[in-house]
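Single-letter residue listing:
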Amino acid sequence: MEDYPRTLPELEARFSTEESCRQYLFALRWPDGFKCPACGGAQAWPMQRGLWLCAGCRHQTSVTAGTVFQDTHKPLTLWFRAMWYVTTQKNGVSALGLQRVLGLGSYKTAWTLLHKLRRAMVRPGRDRLKGLVEVDETYWGGQEEGVVGRLTQEKALILVAVEEDGAGMGRIRLRRTLDLTKDSLHRFIGDSVEPGSTVRTDGLPAYLGLEGYAHDRRVQRRQPEGEHLLPRVHRVVSLLKRWMMGTHQGAIAQDYLDYYLNEFTFRFNRRTSKSRGKLFYRLAEQAVQVDPAPFKFLTLHNP
Ligand SMILES: [Zn+2]
């Protein structure tokens, strides 16, 4: 059963202690009861400060070990509030915004919390897109206008896949790429789109030879004003850029672009969700499934 707070007062009342936060994470991480990460055993004794002692192998663990929350020096009550703000603000929050709203002493703390949560926004083993899927590329950085050619030094390349849903859009996948080679494009499609689907692209030759898919290749011709060969991709790209320029004022270093793409994808794919609390639930659920990322890893993550 999906169990989540509906409002901020509900969140505040329910998650006022470390123990209440741990109980919530326990139910998300081990819905069928405790499972020892070392031996798989189901028997354990509760110890001090949220630790569990495995009855089988004596391994000591906690509900946060091996998750995004591992080794945190911040209370879970603070993490829960951070997850709440990140998921309930329509466009998300910047690190500065989070620092202010949580009353954090340091910008670095807010930044780290936020980036760890962004890592959790990609669900491990998530489903691929299917049906008809538009695929194209876009750029981030440098001047937005008037750049000729497909590749420039100071721009980041982003691959975009958007599911067709009638006249509208279904789910999306985004990925930063270093180049537009056949290898990169085909790998992105293979990772993002279910085989047997139809992939619609423009005439870029690197898309040729797609195996396992029907390929609807639209060779670029002069388009009437305001029309696009791949209208859904075009729409997603403009929403993405508006979000990066708006919420984050364009201040996104290319090294961290992947984290922002994660967050945008998480929000976009749940945009029709009626309850914001449900997004909180999803994020908490994914946060206990994702490996820990020490601060050093976050800052060194530079493919
Ligand atoms: Zn064990």
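Structure: see above.
Residues numbered from 1 in each chain as written. Predicted model: local features only at pLDDT ≥ 70, side-chain atom pairs only at ≥ 80, totals over all residues. Heavy atoms only, no water.

### Some details on helix α8 (residues 257-269)
Every α-helix winds through 3.6 residues per turn, so residues three or four apart in the chain are directed the same way. Put simply, the rule reads: Strands here are runs of E lasting at least two residues and helices are runs of H or I lasting at least four, both read from the DSSP assignment and numbered beginning at the N terminus. Helices are assigned an expected span. That span is 1.5 Å times one less than the residue count. Accessible area is worked out with a 1.4 Å probe on protein chains only. A residue is then buried under 20% of its type maximum, exposed over 50%, and partly exposed in between.
Taking 1.5 Å as the rise per residue, α8 with 13 residues should run 18 Å; its terminal C-alpha atoms sit 18 Å apart, in good agreement. Of all 13 residues in α8, twelve are buried; the element is thus mostly enclosed. Every buried residue of α8 is accounted for by L257, D258, Y259, Y260, L261, N262, E263, F264, T265, F266, R267 and F268.

### Some remarks on the coordination of the zinc ion
The test is simple: Counted as donors are the N, O and S atoms within 2.8 Å of the metal, or 3.2 Å for Na, K and Ca, while water is not among the atoms, so some sites may look incomplete. The geometry test gives tetrahedral to four donors whose angles all lie between 85 and 135 degrees, gives square planar to four donors and octahedral to six donors whose opposite members are over 155 degrees apart with all other angles between 65 and 115, and gives irregular to the rest.
Note on the zinc ion: its protein donors are C36 (SG), C39 (SG), C54 (SG) and C57 (SG). The metal-donor distances range over 2.3 Å. Each of the four donor atoms around the zinc ion contributes to a set of angles spanning 102 to 113 degrees, which defines the coordination as tetrahedral. In primary sequence terms, the donor set of the zinc ion follows C-x2-C-x14-C-x2-C. C39 sits in the partly exposed class, given a relative accessible area of 42%.

### Quick word on the pattern of salt bridges
Cut-off, in case you're wondering: One side-chain nitrogen of Lys or Arg within 4 Å of one carboxyl oxygen of Asp or Glu is enough to make a salt bridge.
For the structure on display, the rule yields 17 salt bridges. Between E194 and R128 there is a salt bridge, with the nearest N and O atoms lying 3.6 Å from each other. Note that E194 is positioned in the loop between α6 (182-192) and β7 (198-202) and R128 in the loop between α5 (107-119) and β4 (132-140), a separation of 66 residues in sequence. Residue E194 is classed as partly exposed on the basis of its relative accessible area of 31%. When its relative accessible area of 28% is taken as the criterion, R128 is described as partly exposed. Residues participating in the shared-partner salt-bridge network are E2, K278, R282 and E285.

### Details of the nonpolar core
Operational definition: Note on terminology: a nonpolar core comprises buried Ala, Val, Leu, Ile, Met, Phe, Trp, Tyr and Cys residues joined through side-chain atoms within 4.5 Å.
By size, the foremost hydrophobic cluster in this structure holds 68 residues, and its most contacted members are Y24 and L98. Among the elements that take part in this core, helix α3 (residues 76-88) stands out by supplying nine residues, more than any other. In this structure, L129, V133, A161 and A206 belong to the second largest nonpolar core, which totals 18 residues.

### Observations concerning the pairing of strand β2 (residues 51-54)
Cut-off, in case you're wondering: A pair of strands counts as paired when DSSP detects no fewer than two bridges linking them.
Judged from the three bridges that link them, strand β1 (residues 44-46) and β2 form a sheet pairing that is antiparallel. Note that in β2 the partner of P46 across the bridge is W52. Hairpin connection, β1 to β2: the antiparallel pair is bridged by four residues, and R49 has positive phi, about 50 degrees. Note that β2 and strand β3 (residues 60-62) share three bridges and pair antiparallel. If you follow W52 over to β3, its bridge partner there is T61.

### Points about the sheet that holds β7
Put simply, the rule is: Note on definitions: angles span 0 to 180 degrees between N-to-C directions of axes, and those axes are lines fitted to C-alpha atoms, for helices only across the stretch in contact. Here, residues are in contact when the closest pair of their heavy atoms is within 4.5 Å.
The five strands lie next to each other as β6-β5-β4-β7-β8, forming an open sheet whose pairing is mixed. Either end of the sheet is taken by a strand with one partner, and the two such strands are β6 (168-177) and β8 (214-218). Averaged over all pairs of adjacent strands, the angle between strand axes in this sheet comes to 25 degrees, irrespective of strand direction. Examined bridge by bridge, β4 and β7 share three bridges and lie parallel to one another. Across the sheet, E134 pairs through a bridge with R200, a residue of β7. Sitting on the sheet, α6 touches β4, β5 (156-165), β6 and β7, and the angle it makes with β6 is about 135 degrees.

### Topic: α6
Turning to α6, its buried residues number three or more, namely S184, L185, H186, F188, I189 and S192. Those residues of α6 hidden inside the fold are in contact with β4, β5, β6 and β7.

### So, the packing of helix α2 (residues 18-29) against α3
Threshold: Geometric relationships in this document are graded by angle, where less than 35 degrees denotes roughly parallel, more than 145 denotes roughly antiparallel, 65 to 115 denotes roughly perpendicular, and other angles denote oblique. Each residue gets one of three labels, nonpolar for Ala, Val, Leu, Ile, Met, Phe, Trp, Tyr, Cys and Pro, charged for Asp, Glu, Lys and Arg, and polar for the others, Gly among them.
Across the interface, α2 lies against α3 with an axial gap of 8 Å and an inter-helix angle of 60 degrees. With respect to α3, the element α2 is oriented oblique. Where α2 approaches α3, its residues E18, C21, R22, Y24 and L25 are matched on the opposing element by L76, T77 and F80. Class assignment for the residues of the contact of α2 with α3 results in five nonpolar, one polar and two charged.

### Describing the packing of α3 against helix α9 (residues 276-287)
What counts here: Definitions for this section: a left-handed crossing has its near helix turned counterclockwise from the far helix by less than a right angle. A right-handed crossing has that turn clockwise.
One can describe the packing of α3 onto α9 by two numbers: an axis separation of 9 Å at closest approach and a directional angle of 125 degrees. By the angle class used here, α3 and α9 are oblique. Once α3 is placed against α9, the crossing between them reads as right-handed. Residues F80, M83, W84, V86, T87 and T88 of α3 form the contact with α9, whose own contacting residues are R276, G277, L279, F280, L283 and A284. Of the residues belonging to the contact of α3 with α9, the class tally is eight nonpolar, three polar and one charged.

### A look at unusual backbone geometry
At R58, a residue that is not glycine, the phi angle is positive and equals roughly 65 degrees. Secondary-structure assignment places R58 in the loop between β2 and β3. In this structure, D71 takes a positive phi of about 60 degrees despite not being glycine. By the secondary structure assignment, D71 is in the loop between β3 and α3.

As far as function goes, none of this settles anything; it's purely spatial.
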